[in-house]
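Read off the chains here:
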Amino acid sequence: MDSLPYAAEVESDLAPQEIDILREQYMKEIEKPRPQTKFNYAWALVRSRTKLDQELGIQLLHDIYRDLPNRRRECLYYLALGEYKLGNYRNARKYNDTLLQLESQNPQALSLRKLIDDKVKSEGLVGMAIVGTAVAALGLVGALLFKRAPSPHH
């Protein structure tokens, strides 16, 4: 598969009915599913609204990556997308960077790298703001307690 979807596609959830159709197809072939059937089901699960489905989708992509060397390039990108969707940015970056080592100018992987970096940066700023607010609040509480404490000289 030469053309990869852009990262924004992972943000559009599939309807449960669409996932059910792919699940049925996968279950019909459960003894020895065709690689494309397994892949389609895995990608559908990653695009599900539920975390358990997304995690199962990532597991199926890992299986494909392990078992089918000719699908590894494709799986790296979809694994990166799945981890990104779950908020596992370190894993998403690891998979995406591995793909970029193979294809340094891959436009989808470059786009995903920017999304990951932006998300990490914004969540880092949010985290710093939360910590800063907590420290300020503790300082204020400490100052109030210190101010109210009776002086030992009275």
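Cut-off values and rules
Residues numbered from 1 in each chain as written. Predicted model: local features only at pLDDT ≥ 70, side-chain atom pairs only at ≥ 80, totals over all residues. Heavy atoms only, no water. Core = buried A, V, L, I, M, F, W, Y, C linked by side-chain atoms within 4.5 Å. Buried < 20%, exposed > 50% of the residue type's maximum accessible area, 1.4 Å probe, protein only. Helix = DSSP H or I, 4+ residues; strand = E, 2+ residues; numbered from the N terminus. Contact = heavy atoms within 4.5 Å. Axes fitted to C-alpha atoms, helices over the stretch in contact; angles between N-to-C directions. Parallel < 35°, antiparallel > 145°, perpendicular 65-115°, else oblique. Left-handed = near helix turned anticlockwise from the far one by under 90°. Nonpolar A, V, L, I, M, F, W, Y, C, P; charged D, E, K, R; others polar. Expected span 1.5 Å × (residues − 1). Phe/Tyr/Trp six-rings, centres within 6.5 Å; stacked < 30°, edge-to-face > 60°. Lys NZ or Arg CZ within 6 Å of the ring centre and 35° of its normal.

> Got a minute to help me understand the nonpolar core in this structure?
Side chains that are nonpolar tend, in soluble globular proteins, to be buried together. Trp43, Leu61, Tyr78, Leu81, Tyr84 and Leu112 are the most contacted members of the largest nonpolar core, which has 32 residues in total. Mapped onto this core, the elements with two or more residues apiece are α2 (16–28), α3 (35–46), α4 (51–67), α5 (72–86), α6 (89–102) and α7 (107–148). For this core, the element with the highest residue contribution is α5, accounting for nine residues. Among residues more than four places away in sequence, those in contact with Leu61 are Phe39, Ala42, Val46, Cys75, Tyr78 and Leu79.

> Explain the packing of α5 against α6 here, please?
Helices that pack against each other are described as a pair by the angle of their axes relative to one another and the distance between those axes. Two elements in contact, α5 and α6, have axes separated by 7 Å at closest approach and are oriented at 155°. Looking at the two axes, α5 sits roughly antiparallel to α6. The handedness of the crossing between α5 and α6 is left-handed. Contacts from Arg73, Leu76, Tyr77, Leu79, Ala80, Glu83 and Tyr84 in α5 reach Tyr89, Asn91, Ala92, Tyr95, Asn96, Thr98, Leu99 and Leu102 in α6. For the contact of α5 with α6, a count of residues per class yields 10 nonpolar, three polar and two charged.

> Looking at this model, I keep getting lost on α5. Mind explaining?
Residue pairs three or four apart in sequence face the same way in an α-helix, which turns once every 3.6 residues. Between its first and last C-alpha atoms α5 spans 21 Å; for 15 residues at 1.5 Å apiece the expected length is 21 Å, and the two agree. With 13 of 15 residues buried, α5 lies mostly within the body of the structure. The first or second residue beyond α5 is Gly87, which carries a positive phi of 85°.

> Help me out: how do you make sense of the packing of aromatic side chains in this one?
A ring pair, where both rings are aromatic, is described by two values, the distance of the centres and the angle of the planes. Inspection of every chain in the model, using the stated rule, returns five aromatic pairs. Judged by centre distance (5.8 Å) and plane angle (85°), the ring pair of Tyr77 and Tyr78 falls under edge-to-face. Relative accessible area serves as the criterion here: at 0%, Tyr77 is assigned to the buried category. Given the relative accessible area of 3%, Tyr78 is considered buried. Following the ring pairs from residue to residue traces out a cluster consisting of Phe39, Trp43, Tyr77 and Tyr78. Across the ring face of Tyr65, the terminal group of Arg72 is positioned such that the distance to the ring centre comes to 5.1 Å. Lys94 extends its terminal NZ or CZ atom over the ring of Tyr95, reaching a point 4.9 Å from the ring centre.

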